[in-house]
Amino acid sequence: MRSSVRCLVLCGLWCVGSVGAQEETAPPTPQVLVPPSFDFEDPTTASLWYALDEEATLEITRERANVAQGKCALEITYTPRDGVFNLFGARNLAPRPCRSLRLALKTQEQTPVVISVREPDGSSYHAFIAAPADQWQRVEIDLAEMMLTEDTQDENGGLDTGQITELTIADLSNLPGEVGNAFGHKTGPQKMWLDAIELSPETVPGRSSRSLGGRLIRLDGFETPVNFCLPLGGVAVSHGPGAPGVAGRKALRLDYRLGQHRWAGVVCGAGHLNLVDTAAVTCHLRSTHQGAAAMVLEERDGSKYRHMVTLDGRNEWRTEEIPLGGFVRDPSTTDENDQLDLEQLRVVVFVVDTFDAGVGVEGLGTLWLDELGFLTKQ
Ligand SMILES: [Ca+2]
Ligand SMILES: [Ca+2]
Ligand SMILES: [Ca+2]
C-alpha cells in the first residue's frame, strides 16, 4: 500500500513539473501584444492560440451547444497519446491590473485540467480543475489562490497579477508511466471548447476562507460551482449535499469503481495558504462502504507525509481531526529537515484504497468530503 501511495504522489509531482518544462520548449512567437480576453467572435482570434501537439487543431465553432457566450467559441481537437502533452495557450498577452481569471470550459469527457498563468520571468502559477464530461464550466479563479509551480521560482514569492503575459490550459490525460494510470488514459480524438476568457480586475468568490474565530483555515468547502481539484484513479467527481452544521450546503462527491487504478480520489492545490501556527488537518467525511483512505501532504520539494483514515461505511457524516504529528513521512521521499513544514505545503491528496474498500453490487462506492482545511493552535 505504501509504495503505491508513494508512486502516485511522486508521479503527480513529475506531472505538474512537466507542464513548465514543456512550455520552455515552445516555439518563438510574434511580437504583437494581445488583450487578455477572448470571446472568439472574431474568427481570426483562433490563430492567437497554440497547441504543443502539432496535430491538434484549433478552430472557431458556431455550433450552439459548443458555444458558451455569443455566437462563437474555440474548439480544440486533439488525440491524447504517449509522448505528447495536451497543452494549449495564448502568449504575448498585454499585461493589465487584474484579480481574477474567468473562462468557460467544456471537455468531451471528464478530465483533469491544469490552468496556468505566467510572468515574463518564467514564474508560473496554476490551479486545478476536475472538468466533467460535456458540461460547460464557468470557471472563476481568484488569482490570489493560484500557486507557484514547483518547477519555477519567483523572486518575490507572489504572482504579480499585473505582469501576466501567458495563459495555458492542459488536459492531463495519457501522461506516461504511473501518473498516466492515475490521471487516466483516453482513446481516440478528444475535444475541448473554450469561451469567454478574461483576466479581469473584478474579484470573484475564493474557495478558501477562515472561520471558527479564525481557527479554521478552510482550504475548500466545495461550495463553488467548479471543483478545483484533479481527479485520480477514474473517480467520478461531482457535488453532493454538504455536511450538516457547517456554513456551506455542498460537498465534494467521489464515486469510485473497483477494477481501475488502486488509488481513487483527488489532488487539491494548497500552496496559496498561509499555514503558520497550524496544529491539525481537518475534514468532514461520509462513506457508503468500509475501507481505508490516505490523506497525503506534499511539500514543494516533494517530501510527502501520510495519514491513513478509516472509512466507517455508515453513510453518516463524521469529523476528522488529524494532528500534524499523525502524519508519517513516506520513507521513499527525503526531506532535508525530516519534519513536515506546512509553510512549504503544495498539495493535499485524498485517495481511497480501492483494494481495501467495500463496494456495492455494481462495484461502486461513494464518499463525500467537505470542509477540508487546517486548524491553528488555540
Ligand atoms: Ca512575482
Ligand atoms: Ca461544503
Ligand atoms: Ca520538511
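Residues numbered from 1 in each chain as written. Chains lettered and ligands numbered in written order. Predicted model: local features only at pLDDT ≥ 70, side-chain atom pairs only at ≥ 80, totals over all residues.

(A) The nonpolar core, seen in detail. Grouped together as the largest cluster of nonpolar side chains are 95 residues, with contacts concentrated most on Leu-232, Val-348 and Leu-369. The greatest single-element share of this core, amounting to eight residues, is contributed by strand E24 (residues 345-357). Mapped onto the domain boundaries, this core takes at least three residues apiece from domain 1 (14-200) and domain 2 (209-376). The residues touching Leu-369, leaving out its near neighbours within four places in the chain, are Ala-251, Leu-252, Leu-254, Cys-283, Leu-285 and Phe-350. (Core = buried A, V, L, I, M, F, W, Y, C linked by C-beta atoms within 7 Å. Buried ≥ 20, exposed ≤ 12 C-beta atoms within 10 Å, placed from the backbone. Helix = DSSP H or I, 4+ residues; strand = E, 2+ residues; numbered from the N terminus. Domains from an automatic or database assignment. Contact = placed C-beta atoms within 7 Å.)

(B) Spatial organisation of the sheet that holds strand E21 (residues 304-312). Pairing within the open sheet is antiparallel, and its six strands lie in the order E15-E18-E24-E20-E21-E23. The open sheet is flanked by strand E15 (230-232) and strand E23 (328-329), the only strands paired with a single partner. In this structure, strand E20 (residues 290-299) lies alongside E24, joined through eight bridges in antiparallel fashion. Its bridge partner lying in E24, Ala-293 is registered against Val-352. (Pairing = 2+ DSSP bridges.)

(C) Representation of the sheet that holds strand E10 (residues 147-148) in the model. Spatially, six strands are ordered E2-E5-E11-E7-E8-E10 in an open sheet, and the strand pairing comes out antiparallel. Here the strands that pair on one side only, and so sit at the sheet edges, are strand E2 (49-51) and E10. Of the strand pairs in this sheet, strand E7 (residues 111-118) and strand E11 (residues 166-171) are connected by six bridges, and their pairing is antiparallel. Note that in E11 the partner of Arg-118 across the bridge is Glu-166.

(D) The domain arrangement of the protein chain, seen in detail. Looking at the assigned domains, one finds that the protein chain contains domain 1 (14-200) and domain 2 (209-376). Listed per partner, the contact involves 20 residues of domain 1 and 20 residues of domain 2. Sorting elements by how many residues they give to the side of domain 1 that touches domain 2 places strand E8 (residues 124-131) first, with four residues. The residue makeup of the side of domain 1 that touches domain 2, split by class, is 13 nonpolar, four polar and three charged. (Nonpolar A, V, L, I, M, F, W, Y, C, P; charged D, E, K, R; others polar.)

(E) Up close: the environment of Val-204. For Val-204, the location among the structural elements is in the loop between strand E12 (190-200) and strand E13 (209-211). For Val-204, a count of 17 C-beta atoms within 10 Å gives the class partly exposed. Sequence separation between Val-204 and Val-352 is 148 residues, and the spatial gap between their C-alpha atoms is 32 Å. Every residue in contact with Val-204, bar those within four places of it in the chain, is listed here: Ser-100, Glu-140 and Asp-142.

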